[in-house]
Amino acid sequence: MNMQAERVRIAAFDASDDASAISNRILADGAVIVRNVLGRETIDAFNREIDSCLDCLDAHDASARTYMNDAVTQFFGPQTRHLAGMAGKSAVFRRDVLCHPVLMGQCERLLRPNCATYQLNFADVMDRGPGAKAQIFHRDDGIWPYLPRLDFPLEFATMIALGPFTPEMGATLIVPGSHTWDKDRQPCPEEVVAAELEPGDAVFYLGSTLHAGGENRTDLRRRGMHLSYCLGWLRSEDNNYLSTPLELARTLPREQQAILGYALHDGIEVNGGFLGAVDWRNPLDLIEEGLL
Ligand SMILES: O=C(O)CCC(=O)C(=O)O
Ligand SMILES: [Fe+2]
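As the structure is a computational prediction, the values presented were derived from the model and not from experiment. (Residues numbered from 1 in each chain as written. Chains lettered and ligands numbered in written order. Predicted model: local features only at pLDDT ≥ 70, side-chain atom pairs only at ≥ 80, totals over all residues. Heavy atoms only, no water.)

## Looking at the domain arrangement of the chain
One frequently used descriptor of interface size is the decrease in accessible area upon assembly of the parts.
Then, number 1: Per the domain assignment, the segments of the chain are domain 1 (12–241) and domain 2 (245–292).
Then, number 2: One C-alpha centre belongs to domain 1, the other to domain 2; they are set 26 Å apart.
Then, number 3: Counting residues at the interface gives 18 residues for domain 1 and 15 residues for domain 2.
Then, number 4: On inspection of domain 1 and its partner domain 2, the count reaches zero salt bridges.
Then, number 5: Seen at the junction of domain 1 and domain 2, the total is five residue pairs in polar contact (both at pLDDT 80 or more).
Then, number 6: Elements with a minimum of two residues in the side of domain 1 that touches domain 2: helix 5 (86–89), helix 6 (91–97), strand 4 (118–128) and helix 8 (240–243).
Then, number 7: Take the side of domain 1 that touches domain 2: its biggest share by element is three residues, from strand 4.
Then, number 8: For the side of domain 1 that touches domain 2, the residue count by class is eleven nonpolar, five polar and two charged. (Domains from an automatic or database assignment. Contact = heavy atoms within 4.5 Å. Salt bridge = Lys/Arg side-chain N within 4 Å of Asp/Glu carboxyl O. Polar contact = N/O pair within 3.5 Å; in protein donor to acceptor, adjacent residues only side chain to side chain. Helix = DSSP H or I, 4+ residues; strand = E, 2+ residues; numbered from the N terminus. Nonpolar A, V, L, I, M, F, W, Y, C, P; charged D, E, K, R; others polar.)

Next comes the structure, spelled out in C-alpha cells:
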C-alpha cells in the first residue's frame with residue numbers, strides 16, 4: 001500500500017473557458033487557477049505605471065512600510081512594497097482591469113445572488129522582495145469578524161501575477177477545500193499548493209479560503225496584485241470613496257462608478273431597503289445630472 005499522502009491539486013482553466021464551469025469549481029474547491037486573464041500589452045503598460053509609483057514609495061521608504069498597526073506591519077514584513085487603491089492611481093487598471101468581463105462573470109455568479117450590487121473590495125499591488133517571509137495562513141474575509149459564518153461567499157478574491165510566480169519566488173500558497181474547514185484547522189504541507197503563474201495568469205479564490213504569500217528565496221521581486229470584490233452591503237476593505245474621490249469618479253463610465261461603490265444598493269426586490277442613497281436618489285443618477 002502506498003503510504004505517501006497524496007498532495008492536493010488546484011484546477012486550472014483558461015480565461016476563455018465557460019464562466020459557470022469556473023465559478024462552480026471555485027465554490028467546490030475554494031480556488032482555481034485561471035490562465036491569460038490579462039494580456040501582455042496590459043501587463044506591460046500596467047507595470048510601467050506601477051514602477052513610477054513604486055519609485056516614489058521607495059523615495060520615502062521608512063514611512064511607506066509602516067501601516068496602521070503593528071500586526072499589519074508584521075504581517076506584510078519589511079520586504080513587501082504595496083500600492084493600494086489602484087483604481088485611484090492607475091488609468092490602465094481602470095480601463096483594462098477593474099470591470100474586466102472575466103472578473104465580472106465571476107462576481108455575477110459568486111456574489112450577485114446575495115446582493116443587489118457587488119463592489120470593489122481592494123486592489124493592492126504586492127511587490128514582495130528577496131527575503132520576504134511566508135505569511136501566516138489566513139482568510140481574507142476575516143476583515144468582517146462580527147459576522148457569523150454564512151453559507152454564501154462574502155468576497156471573491158484574486159491574485160493576478162504581474163510577473164512570474166514560482167514557488168521559490170513566493171508564489172501564493174493556497175489550501176484547496178479549506179473554505180469548508182473549521183475555523184481553527186491549520187493545513188499540513190500536503191494540503192498546500194503554490195499557485196505557479198505566468199504574468200497575466202491569476203488564482204481566483206473565495207474570501208473564506210486559507211492562503212498565504214510564500215517565502216521569497218530568490219533575489220528577484222515577485223509582483224502580483226490582490227484584487228477582490230465583495231457584496232455591496234458590506235463595508236469594503238479599501239475606502240474607495242477616498243481612494244477614488246468624486247472628482248475622479250465623475251469622469252468615469254457608469255459601470256466603473258458603480259463597482260467603486262457609488263451605486264445605490266437597492267434591496268427592494270428581496271423586501272429590503274436602500275443603502276448608499278444621497279437625498280433619496282441613486283448617486284449615479286445625480287452624478288449624471290450634474291447634481292453631484
Ligand atoms: O502575496 C501573496 O501571495 C498573498 C498576499 C495575501 O494573501 C494578503 O496580503 O492578504
Ligand atoms: Fe490574503
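## A word on the nonpolar core
Then, number 1: Ranked by size, the top nonpolar core spans 53 residues in total, and within it Phe93, Phe204, Met225, Leu227 and Tyr229 carry the most contacts.
Then, number 2: Each of two domains, domain 1 (12–241) and domain 2 (245–292), supplies a minimum of three residues to this core.
Then, number 3: Counting residues in each nonpolar core, the second largest holds 17 residues, with Ile10, Tyr67, Phe76 and Ala161 among its members. (Core = buried A, V, L, I, M, F, W, Y, C linked by side-chain atoms within 4.5 Å. Buried < 20%, exposed > 50% of the residue type's maximum accessible area, 1.4 Å probe, protein only.)

## Quick notes on the packing of aromatic side chains
Then, number 1: Going through the model one piece at a time under the given rule, you end up with six aromatic pairs.
Then, number 2: Ring centres 6.3 Å apart and planes at 15° place the aromatic pair Phe156 and Tyr229 in the stacked group. One end of the pair, Phe156, is in strand 5 (residues 155–161); the other, Tyr229, is in strand 10 (residues 222–231), and 73 residues separate them in sequence.
Then, number 3: An aromatic cluster of at least three residues, connected via ring pairs, comprises Tyr67, Phe75 and Phe76. (Phe/Tyr/Trp six-rings, centres within 6.5 Å; stacked < 30°, edge-to-face > 60°.)

## A few points about the site of ligand 1
Then, number 1: Contacts to ligand 1 come from Phe75, Phe76, Met126, Arg128, Gln135, His138, Asp140, Met159, Thr172, His211, Gly213 and Arg222.
Then, number 2: Taking Gln135, its side chain carries an N or O atom lying 3.2 Å from an oxygen atom of ligand 1.
Then, number 3: Asp140 places a side-chain nitrogen or oxygen 3.4 Å from an oxygen atom of ligand 1.
Then, number 4: In isolation ligand 1 exposes 290 Å². Once the protein is present, 95% of that is buried.
Then, number 5: At the level of secondary structure, the elements contributing two or more residues to the shell around ligand 1 comprise helix 4 (70–76) and strand 4. (Near = heavy atom within 4 Å. Areas by Shrake-Rupley, 256 points an atom, 1.4 Å probe, with all protein chains shown as cover.)

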